[in-house]
Amino acid sequence: MERTFIAIKPDGVQRGLVGNIITRFESKGFKLVGLKLMKVSRELAEQHYDVHKERPFFAGLVEFIISSPVVAMVWEGDGVVASARKLIGATNPLSAEPGTIRGDLGVSVGRNLIHGSDAIETAQREIALWFKEDELADWEPSMTSWLYE
């Protein structure tokens with residue numbers, strides 16, 4: 001099964017949207033295999049956003065993600081990376097489609113609530129960065145036979 005990394009950013013936590021966001025992934029039928037509320041270290045933030053380190057907004061990204069707790073998650077399911085990106089919506093909430101997390105709940109591009117891995121390889125890197133192997137739970141939901149053939 002494919003896995004993806006999802007993080008509810010400080011604005012999502014501060015606005016009390018954690019339950020709403022988790023519900024959307026559960027309702028889609030994805031399996032939660034990792035979950036933790038955490039204060040992000042500067043080192044982890046810089047590693048996570050490493051791909052942007054040469055861009056002018058890098059420092060702002062790091063400062064924002066370390067400003068308040070984050071909910072880090074790993075979700076599992078068929079096509080979960082691409083499907084999660086659709087659930088999340090466009091980076092800019094003003095452009096995001098209604099029905100997406102950002103389209104329904106987001107206000108501005110600098111406060112867009114959630115991060116989701118953009119590719120399977122990225123998901124693997126991010127999961128390894130944010131979670132130890134023993135922090136992930138392998139389990140079988142009773143509904144699996146109702147979701148997959």
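Residues numbered from 1 in each chain as written. Predicted model: local features only at pLDDT ≥ 70, side-chain atom pairs only at ≥ 80, totals over all residues. Heavy atoms only, no water.

1. Some words on the UniProt feature "binding site: ATP" (unreviewed entry) in the chain
Next up, step 1: The UniProt entry lists Lys9, Phe57, Arg85, Thr91, Arg102 and Asn112 under the feature "binding site: ATP" (unreviewed entry), expressed in the numbering used here. Considered against the largest pocket, the annotated residues that line it turn out to be Lys9, Phe57, Arg85, Thr91, Arg102 and Asn112.
Next up, step 2: Along the chain, the position of Lys9 falls in the loop between β1 (3–8) and α1 (10–14).
Next up, step 3: Apart from residues no more than four positions distant in its own chain, Lys9 is found in contact with Tyr49, Phe64, Ile65, Pro69, Val70, Arg102, Asn112, Leu113, Ile114 and His115.
Next up, step 4: Within the fold, Thr91 resides in the loop between α5 (80–88) and α6 (101–105).
Next up, step 5: Dropping the residues within four chain positions of it, Thr91 is found in contact with Arg102, Val109 and Asn112. (UniProt positions renumbered as here; feature names shortened; annotations may be inferred. 1 Å grid on protein atoms, 1.4 Å probe; cavity = no way out; pocket = protein on both sides within 12 Å on 5 of 7 lines; lining within 4 Å. Helix = DSSP H or I, 4+ residues; strand = E, 2+ residues; numbered from the N terminus. Contact = heavy atoms within 4.5 Å.)

2. Here we look at helix α2 (residues 18–28)
Next up, step 1: Along α2, the residues that are buried comprise Ile21, Ile22 and Phe25. All buried residues of α2 project into a common sector of 95° when viewed along the axis, lining one side.
Next up, step 2: Elements that come into contact with the buried residues of α2 comprise β1, β2 (31–38), β3 (70–76), α5, α6 and β4 (114–116).
Next up, step 3: Just downstream of α2, Gly29 is the residue with a positive phi angle, here 105°. (Buried < 20%, exposed > 50% of the residue type's maximum accessible area, 1.4 Å probe, protein only. Arc of directions from axis to C-beta.)

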